[in-house]
Amino acid sequence: LVAPSVATAAGTGTATLDDIKDTNYSVPAGAYFVSPDGKDTNTGRSYNSPWSVKKAIALAPSESTIVFKGGVYRNVHNGLNKKLTLQAYPHEKPLLKGSVEVTGWVSEGTTWRKDGWTYSFRSSKGSEAIDPDYPLAGHTDMVYLDGVALRQVASKAKVVPGAFYVDSTNQKLYIGNQPAGKTVEATALSNAFSMWKTNPSNTVIRGLGFAHYADSAISVGSPSITLENNIFVWNGEQGAKFTSATDAIVRGNIFSYNGFRGLGGIADKILVEGNTISYNNVEHFAKTWGAGGAKFFRTNGLVFRNNIVENNLAAGLWMDITTLNSTVVNNTVRYNEGLGIFLELSHEAIIAGNVATHNNVGIMIADSSNARVHNNTLSMNKTQILVKDSARKNTDPKELAAGITWITSNNVLKNNIFSNADGTAIQASGCRPSASMIANTDYNIYYDTSAKSMFKWSLGKGKCSLTYTSLAAFQSLVTGFEQHGLSGGNVATNPLFVNEANGDYRLKAGSPAIGRGQILQADIARALGWKSGVPVDMGALQSK
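Keep in mind that what you see is a predicted model, and the values were worked out from it rather than measured.

Criteria and cut-off values
Residues numbered from 1 in each chain as written. Predicted model: local features only at pLDDT ≥ 70, side-chain atom pairs only at ≥ 80, totals over all residues. Heavy atoms only, no water. Salt bridge = Lys/Arg side-chain N within 4 Å of Asp/Glu carboxyl O. Helix = DSSP H or I, 4+ residues; strand = E, 2+ residues; numbered from the N terminus. Buried < 20%, exposed > 50% of the residue type's maximum accessible area, 1.4 Å probe, protein only. Pairing = 2+ DSSP bridges. Contact = heavy atoms within 4.5 Å. Polar contact = N/O pair within 3.5 Å; in protein donor to acceptor, adjacent residues only side chain to side chain. Phe/Tyr/Trp six-rings, centres within 6.5 Å; stacked < 30°, edge-to-face > 60°.

**Quick word on the pattern of salt bridges**
- The final tally for this structure, using the stated rule, is 23 salt bridges.
- Notably, a salt bridge pairs K97 with E185, separated by 2.8 Å at the nearest N-O pair. Residue K97 is found in strand β6 (residues 94–97), and its partner E185 is found in strand β15 (residues 184–187); the two are separated by 88 residues along the sequence. Residues K97 and E185 agree in their burial class; the two are buried.
- Between K125 and E237 there is a salt bridge, with its nearest N and O atoms 2.7 Å apart. Residue K125 is located in the loop between β9 (111–115) and β10 (143–145), and its partner E237 is located in the loop between β21 (231–233) and β22 (238–246); the two are separated by 112 residues in the primary sequence.
- Under the relative-accessibility criterion, E237 is labelled buried at 3%.
- Via salt bridges that share partners, E108, R113, D115, K156 and K172 belong to a single interconnected network.

**Some details on the sheet that holds β10**
- With antiparallel pairing, four strands are arranged side by side in an open sheet as β7-β15-β10-β11. Each end of this open sheet is capped by a strand with a single partner; those strands are β7 (99–101) and β11 (148–149).
- Taken together, the three bridges between β7 and β15 define a ladder with antiparallel strand orientation. Bridge pairing in β15 links S99 to T187.

**Some remarks on the environment of N411**
- Here N411 lies in strand β41 (residues 411–414).
- By relative accessible area, which is 0% here, N411 ends up buried.
- Residues N411 and H347, 64 residues apart in the sequence, show an inter-C-alpha distance of 9.8 Å.
- Beyond its immediate stretch of four places on either side in the chain, N411 contacts I365, S368, S369, N370, A371, M437, I438, A439 and N440.

**Some thoughts on the side chain of N312**
- Structurally, N312 can be placed in the loop between β30 (308–310) and β31 (315–320).
- With relative accessibility at 0%, the residue N312 sits in the buried group.
- A distance of 3.1 Å separates the side chain of N312 from the backbone oxygen of I277, its partner in a polar contact.
- Sequence-distant contacts of N312, defined by excluding residues within four places in its chain, comprise I277, S278, Y279, N280, G292, G293, Y335, N336 and E337.

**With respect to the packing of aromatic side chains**
- Under the criterion given, the structure shown has 22 aromatic pairs.
- When the ring of F193 is compared with that of F210, the centres are 6.1 Å apart and the planes differ by 80°; the resulting orientation is edge-to-face. Taken together, the residues span a long stretch of sequence, with F193 in strand β16 (residues 193–196) and F210 in strand β18 (residues 209–211) at a distance of 17 residues. When sorted by exposure, F193 lands in the same class as F210, which is buried.
- For the ring pair F242 and F296, a centre distance of 6.4 Å and an interplane angle of 45° mean the geometry is tilted. Within this pair, whereas F242 is found in strand β22, its partner F296 is found in strand β28 (residues 292–297), the two being separated by 54 residues in sequence.
- The exposure class assigned to F296 is buried, which follows from its relative accessible area of 0%.

**Topic: the sheet that holds strand β8 (residues 106–108)**
- An order of β8-β9-β14-β13-β12 is seen for the five strands of this open sheet, with the pairing classed as mixed. The sheet terminates laterally at β8 and β12 (151–152), the two strands that pair on one side only.
- Bridging between strand β13 (residues 163–167) and strand β14 (residues 172–175) involves four bridges; their strand directions are antiparallel. Pairing of D167 across the sheet is with K172, part of β14.

Shown next as structure tokens:
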């Protein structure tokens, strides 16, 4: 799996033109052209006579292509009400910023003040989304000094170097750093583009950069929208937000350093493919309430494949509240502070071929049913797989008829590699018998030289959280599970991978995982892009 990563500069607080992806989309005859300094008196019909973005979107007829020349665009804030293609000029890098450059500072004691500051932003998130240790997360104002993000504080008295304060009552902006000779940018717009209802259906946005928007850079509420090869960084809430959208394609984008999460929402039959989703939740929203890399809910037919999801300050990928028929395959999910892949209150999912490493929990199934968790490689997570149930139960008759009960049941774990858990390989404890939550776990391989709890399991009837420190103990005492499970052996050198310590999870020559997996069901093989009806290796990365 190869996906792009954000240049180091983006980690400081802004995107640079170098961060924008180099694209080469053909320019069709009849295209309209825009540039950061485009003039409305130009023709808009050639590279050398570009319009402003606002005029092009207003006057270009439906099904037109608008070509963005390279450079930094300010004041782009438009609703799209027709089918358009918005794309970068070949090998040029357009960056749309929701911030303005702030000048006219006045010294006031140890701070600097901007008068007449009319911008102030608040998130729509409720109190449950706010971490008490970061009470200003829901204030999505942002200020950058020479591209470095400043920290928002709650009063003028708390403004120190590296901090800023928005006095919305008196329309003043304060910073704690000398601005002379420096570039100060502060957020002035909520989003760049929003699409609602059916008129913008089949719109394509590709090759553009988006930064510094207070809400979401792009809001999608229309069918069949494509976001391709864009970069979304340092937006106050998220890069792209979906609201009752259908048939969207999100391919080859970068979602990094956004305040709440990279992307998410409600989007039936959405394809999320080949993206990098990293370092999100920089505002430290509560990790238990939707923050992190990507979260979709009430979504039917999500396909999430070939993405890199890493270093998010909460969950990596979260599917929640009546998400149905999800397919999560061939992703790399690593170093997320919370859960790597999380299926909650949902039904019917294929979670297969993923490499999940160094997360708090690699894969979690909660209050969900019919998840088939096959051929994943799980390494060095604190808990590799966690399956649990709670008192929450669905009461919606229509959803219950579709099998969405919110009761953990009929989940299957097969052909997975569990290597060097920091805590537990499989945890399915609680006072419900684990066998009522997991229909089968088999053909998995386990390697861990420590004496930690390899399994936490419940047999019910007062035996609610039994611990087994080896596969052999589990096989001998828990009937019908891991009948074909394998141990990697109590050897010092990992026999499975080329180099686990350096993140090379390819199977080494002679690995005991080669050829030992159960033949996959046809739909799982098809989702993975593997041949069906043939033997497979255990784990995500096949030896041939």
